[in-house]
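Architecture at a glance
Listed here are the chains, written in short residue letters.
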Amino acid sequence: MNNKEIKLCPYCQSDNTLPFEEEDSGKGSDSLSFIILAAVLLIGAYFFFVISSYLFFPFVVFGLIIISSKIVNKRDRARKKADLQPKEKKYYLCLDCSSNFKA
């Protein structure tokens, strides 16, 4: 663990702390029908891509190059924007005095 990751408890000054985990953070609300629909659409898009790549190979290649470069550029811009914004404070739990604090 890095020294930057160790947070001292403001109540007892202990370094025996852990990030606080919310119970609802891991629950998903995706239903089975939504997952099946997504799988069918993905398979259909794959077959459409295969057939169109045989019929219009150069257009498909140029289109994919343009689309992928736009996606990569958008992701880089979002990453740079996220680096400029201040980090959100997280909740921590002290294991010695059982108190929660924001750091």
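Computed from a predicted model, the values in this text were never measured in an experiment.

Thresholds applied
- Residues numbered from 1 in each chain as written.
- Predicted model: local features only at pLDDT ≥ 70, side-chain atom pairs only at ≥ 80, totals over all residues.
- Heavy atoms only, no water.
- Buried < 20%, exposed > 50% of the residue type's maximum accessible area, 1.4 Å probe, protein only.
- Helix = DSSP H or I, 4+ residues; strand = E, 2+ residues; numbered from the N terminus.
- Pairing = 2+ DSSP bridges.
- Contact = heavy atoms within 4.5 Å.
- Disulfide = S-S within 2.5 Å.
- Axes fitted to C-alpha atoms, helices over the stretch in contact; angles between N-to-C directions.
- Patch = residues over 30% accessible without salt bridge, like charges linked within 9 Å, V, L, I, M, F, W, Y side chains within 5 Å.
- Areas by Shrake-Rupley, 256 points an atom, 1.4 Å probe, with all protein chains shown as cover.
- Salt bridge = Lys/Arg side-chain N within 4 Å of Asp/Glu carboxyl O.
- pLDDT = per-residue confidence, 0-100.
- Parallel < 35°, antiparallel > 145°, perpendicular 65-115°, else oblique.
- Nonpolar A, V, L, I, M, F, W, Y, C, P; charged D, E, K, R; others polar.

1. Comments concerning the pairing of strand E2 (residues 91-94)
Here E2 shows a clear split, with Tyr92 and Cys94 buried on one side and none of Tyr91 and Leu93 buried on the other. Pairing geometry for strand E1 (residues 17-19) and E2, over 3 bridges, is antiparallel. Pairing of Leu18 across the sheet is with Leu93, part of E2. Taken together, the 3 bridges between E2 and strand E3 (residues 100-102) define a ladder with antiparallel strand orientation. Within the sheet, the bridge partner assigned to Tyr92 lies in E3 and is Phe101. Counting the residues that bridge the hairpin from E2 to E3 gives 5 residues, and of these Ser98 lies at a positive phi of roughly 55 degrees.

2. Digging into the environment of Leu95
For Leu95, the position within the fold is in the loop between E2 and E3. The exposure class assigned to Leu95 is partly exposed, which follows from its relative accessible area of 41%. Here Leu95 is in contact with Asn16 and Leu18, once residues within four sequence places are set aside.

3. Some thoughts on the state of the cysteines
Using the criterion set out here, one finds 0 disulfides in the structure. No disulfide involves Cys9; its sulfur sits 3.7 Å from that of Cys97, the nearest cysteine. No disulfide involves Cys12; its nearest neighbouring cysteine sulfur is the one of Cys94, lying 3.6 Å away.

4. Thoughts on the sheet that holds E3
Spatial ordering of the open sheet is given by E1-E2-E3, a layout of 3 strands whose pairing is antiparallel. Both outer strands of the open sheet, E1 and E3, are each paired with one neighbouring strand and no more. The sheet shows a mean angle of 35 degrees between the axes of neighbouring strands, taken without regard to direction.

5. Observations regarding a nonpolar patch on the surface
Side chains of Ile43, Tyr46, Phe47, Phe49 and Leu64 sit close together on the surface and give an oily, nonpolar patch of about 510 Å² of accessible area. Here the nonpolar patch gets 4 residues from one element, more than from any other, and that element is helix H1 (residues 32-55). Its location among the elements puts Phe47 in helix H1. Owing to a relative accessible area of 48%, Phe47 belongs among the partly exposed residues under this scheme.

6. Details of the confidence of the model for the protein chain
When pLDDT is averaged across the protein chain, the result is 80; 83% of the residues are at 70 or more. Per-element averaging of pLDDT across the protein chain places E3 at the bottom with 77 and H1 at the top with 91.

7. Thoughts on the packing of H1 against helix H2 (residues 57-84)
At a closest axis distance of 5 Å, the pairing of H1 and H2 adopts a crossing angle of 125 degrees. As summarised for this structure, H1 and H2 are arranged oblique, according to the angle between their axes. On the side of H1, the interface is formed by Phe49, Ser52, Ser53 and Leu55, while H2 contributes Phe57, Val60 and Leu64. Its residues assigned to classes, the contact of H1 with H2 comprises 5 nonpolar, 2 polar and no charged.

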